[in-house]
Amino acid sequence: MRIQLLAIGDRMPTWVADGFDTYSRRLRGKIRLQLVEVPAPRRGKNADIARLVRNEGQRLLAKVEAGAYRIALDEGGRVLTTQMIASRFSTWCEDGSNVAFFMGGADGLSNEAIASVNEIWSLSSLTLAHSLARIVFAEQVYRAYSLMEGLPYHRGERRALEP
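Residues numbered from 1 in each chain as written. Predicted model: local features only at pLDDT ≥ 70, side-chain atom pairs only at ≥ 80, totals over all residues. Heavy atoms only, no water.

Draft legend 1. Quick look at the nonpolar core. Core analysis: the biggest nonpolar cluster contains 31 residues, and I3, I31, F89, F101 and F137 have the highest contact counts within it. Elements supplying a minimum of two residues to this core: β1 (2–8), α1 (14–26), β3 (69–79), α3 (82–95), β4 (99–103) and α5 (130–149). When residues no more than four places from it in sequence are discounted, the contact partners of F89 are M1, I3, I31, V141, A144, Y145 and M148. (Core = buried A, V, L, I, M, F, W, Y, C linked by side-chain atoms within 4.5 Å. Buried < 20%, exposed > 50% of the residue type's maximum accessible area, 1.4 Å probe, protein only. Helix = DSSP H or I, 4+ residues; strand = E, 2+ residues; numbered from the N terminus. Contact = heavy atoms within 4.5 Å.)

Written out as structure tokens, the structure reads:
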């Protein structure tokens, strides 16, 4: 299974790329994690924000792999436990599904991008900086993978995976 994180913004500090890469490199076998950065449009002083968000959404949609299961990352989305995510990953691995996660820019995802997804998830009820959210996302993908595979990284009680 390939997981793509399609994210607006391509000028992240080095520590963001290092953090994301740290977790994506740890994935072996069943799951691969790929970051696809979509450059954010320039914002002038009197920028038309609605137009910029629509443009960002179109750029994200142009990059998504055909047939991928789509999930938007949005603060208003459903919060899942690591066990729930691991269960979903297991199902997708068995089905041979690829998954694309959308992470919008500073003003969120466009209506068009939201309308194209199968689900909306939230990484946290906290508001996270987009740079930090990338690392949190990669760490949670690895954590769910380690739980799914019975690796020692997830030290919490290993419960039966929830449906």
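Back to the text.
Draft legend 2. View of the pattern of salt bridges. Taken as a whole and assessed by the stated rule, the structure comprises 5 salt bridges. Across the pair R88 and E119 runs a salt bridge whose closest N-O atoms are separated by 2.2 Å. Taken as a pair, R88 in helix α3 and E119 in strand β5 (residues 119–122) lie far apart in primary sequence, 31 residues in all. Taken individually, R88 and E119 each receive the classification buried, so the pair is uniform in this respect. The closest approach of N and O atoms between R143 and E139, which form a salt bridge, is 2.9 Å. With a gap of 4 residues between them, R143 and E139 both fall in helix α5, about one helical turn apart. The buried category is assigned to E139, whose relative accessible area is 13%. (Salt bridge = Lys/Arg side-chain N within 4 Å of Asp/Glu carboxyl O.)

Draft legend 3. Representation of α3 within the structure. Taking 1.5 Å per residue as the helical rise, α3 with its 14 residues ought to reach 20 Å, and the 20 Å between its terminal C-alpha atoms agrees with that figure. In terms of residue burial, α3 counts as a mostly covered element, since 10 of its 14 residues are buried. Summarising the contacts, the buried residues of α3 are in contact with β1, β3, β4, β5 and α5. (Expected span 1.5 Å × (residues − 1).)

Draft legend 4. A look at the layout of surface pockets. Taken as a whole, the largest pocket spans an internal volume of roughly 350 Å³. In this structure, the largest pocket is lined by 19 residues; those nearest its centre are L73, D74, E75, L128 and H130. Mapped by element, the contributors of at least two residues to the lining of the largest pocket are β3 and α5. A per-element tally of the lining of the largest pocket places β3 first, with 3 residues. Of the residues assigned to the lining of the largest pocket, the class counts are 9 nonpolar, 7 polar and 3 charged. (1 Å grid on protein atoms, 1.4 Å probe; cavity = no way out; pocket = protein on both sides within 12 Å on 5 of 7 lines; lining within 4 Å. Points joined across faces, edges and corners; volume = space filled by probe spheres on them. Nonpolar A, V, L, I, M, F, W, Y, C, P; charged D, E, K, R; others polar.)

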